Amino acid sequence: MNDLPGLVGIVPRKELWNVIKNQRWYHIPVESAPKNINEIKYLAFYFPSVFGRDLRFKVIYYSAINDIEIKKRIQLFSDEIEHPRRNSEYYQMHLDEIRELPRPILSMRWRRIVHIPTTLKRLLLAEEINDLYWTSQLEEKMYRALKRHNIFPERQYVVRINKQCYFLDFCIFCKKANIDLECDGERYHTMPDALTRDRIRNNQLTSFGWSVLRFSGSDVRNHLRDCIKIVERTIYNLKGLV
């Protein structure tokens, strides 16, 4: 099966789903779009709570992308002449036929989702939202190992502390406190600026009751069993999984 790049985008309002279905395009602000936006071949859609029981917290539909171009918001929504972002640039993704996935992909717990980097293969095989993420080989290796040990984390989980958003590689919910589990590549882990940011981030999370575990690329590749033992011990000390 071709593992072509894909993206899951949120559909925040019902009227936008009508645009997607009837006009077959989706838009993403240029400033917040994924770096590989022009490489993405497939787009799927995540529905939040506003869509009601049948659709909410699920990915059900997807489409191939025919073309991507940049337009100002006012070109996309001509009736929004007073919108504060009317002159901002957006990627307009022109879509092929919108199809239904072999099975709905559910979010197992409520969470904030913006965009999910994925692949066509994952869209067709995923059983739940966290199976969709494609971020790095290190994270994928850790994710599979956690699942083999009946630990089912939330990936790229967003935590807001003092108006600052942190994206956690893995969030593990425990009874006493939650775990932020991070997998760091060697190059990133040894950069002075990154180390400073990580220290500030770790201190913030810890001060708000989080338990932070960080593993290097070498840890994950060569000592994965030891990593999992540390995670299991931390879960035990935090009174078990929720």
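Quick note: structure is the one above.
Residues numbered from 1 in each chain as written. Predicted model: local features only at pLDDT ≥ 70, side-chain atom pairs only at ≥ 80, totals over all residues. Heavy atoms only, no water.

Participant: Account for the overall build of the protein chain, naming residues and giving values.
Facilitator: The helix and strand inventory of the protein chain stands at 8 helices and 10 strands. The C-alpha atoms of the protein chain give 19 Å as radius of gyration, which agrees with the globular expectation for 242 residues (18 Å, within 12%). The principal-axis extents of the C-alpha atoms in the protein chain amount to approximately 55 × 40 × 35 Å. In the protein chain, which comprises 242 residues, the share counted as buried stands at 46%. Residue pairs at least 24 apart in sequence account for 60% of intrachain contacts in the protein chain once pairs closer than 6 positions are excluded. Of the roughly 13600 Å² of accessible surface on the protein chain, 47% is carried by carbon and sulfur atoms. Averaged over its 40 positive side-chain charges, the protein chain has a centre that lies 5 Å from the centre of its 30 negative ones. (Helix = DSSP H or I, 4+ residues; strand = E, 2+ residues; numbered from the N terminus. Rg over C-alpha atoms; globule rule 2.2 N^0.38 Å. Buried < 20%, exposed > 50% of the residue type's maximum accessible area, 1.4 Å probe, protein only. Contact = heavy atoms within 4.5 Å. Areas by Shrake-Rupley, 256 points an atom, 1.4 Å probe, with all protein chains shown as cover. Lys, Arg positive; Asp, Glu negative; His and termini not counted. Charge placed at Lys NZ, Arg CZ, Asp CG, Glu CD.)

Participant: Help me get a handle on the pairing of strand E1 (residues 5-10), residues and values and all.
Facilitator: Two elements, E1 and strand E6 (residues 115-119), share 5 bridges in a ladder whose sense is antiparallel. Of the residues in E6, the one forming a bridge with valine 8 is isoleucine 116. In terms of strand pairing, E1 meets strand E3 (residues 42-47) through 5 bridges, oriented parallel. Across the sheet, the residue bridging to leucine 7 is leucine 43, located in E3. (Pairing = 2+ DSSP bridges.)

Participant: Outline the environment of leucine 55, supporting the account with residue identities and numerical values.
Facilitator: Note on placement: leucine 55 falls in the loop between E3 and strand E4 (58-72). When the C-alpha atoms of leucine 55 and proline 104 are compared, they prove to be 9.2 Å apart, with 49 residues separating the residues in sequence. Not counting the four nearest positions on each side in its chain, leucine 55 is found in contact with Phe47, Ile60 and Tyr61.

Participant: Pulling in residues and values, what's your account of unusual backbone geometry?
Facilitator: Despite not being glycine, phenylalanine 57 has its phi angle at roughly 60 degrees, a positive value. Within the secondary structure, phenylalanine 57 sits in the loop between E3 and E4. The phi angle at lysine 163 is positive, at roughly 65 degrees, despite the residue not being glycine. If you trace the backbone, lysine 163 turns up in the loop between strand E7 (154-161) and strand E8 (164-172). On the basis of relative accessible area, lysine 163 is assigned to the exposed category, the value being 79%.

Participant: Explain the sheet that holds strand E9 (residues 179-184) to me, using residue names and the numbers behind them.
Facilitator: Two strands in a sheet stick together by hydrogen bonds in their backbones, pointing the same way (parallel) or opposite ways (antiparallel). The strand order across the open sheet formed by 4 strands is E7-E8-E9-E10, and the pairing between neighbours is mixed. The sheet is open, and its two borders are formed by E7 and strand E10 (211-216), each paired with just one other strand. Between one strand axis and the next, the sheet turns by 45 degrees as a mean value, whatever way the strands run. Where E8 and E9 come together, 3 bridges link them in antiparallel fashion. Pairing of phenylalanine 170 across the sheet is with leucine 181, part of E9. Against the sheet, helix H4 (residues 137-148) engages E7, E8, E9 and E10, with an angle of about 135 degrees to E9. Against the sheet, helix H6 (residues 192-207) contacts E7, E8, E9 and E10, and its axis sits at roughly 150 degrees relative to E10. (Axes fitted to C-alpha atoms, helices over the stretch in contact; angles between N-to-C directions.)

Participant: Pulling in residues and values, what's your account of the packing of aromatic side chains?
Facilitator: This model, assessed by the stated rule, comprises 10 aromatic pairs. Ring plane angle 90 degrees and centroid distance 6.4 Å describe the contact between phenylalanine 47 and tyrosine 61, whose orientation is recorded as edge-to-face. Placement of the pair is phenylalanine 47 in strand E3 and tyrosine 61 in strand E4, with a sequence separation of 14 residues. For the ring pair tyrosine 157 and phenylalanine 173, a centre distance of 5.4 Å and an interplane angle of 85 degrees mean the geometry is edge-to-face. (Phe/Tyr/Trp six-rings, centres within 6.5 Å; stacked < 30°, edge-to-face > 60°.)

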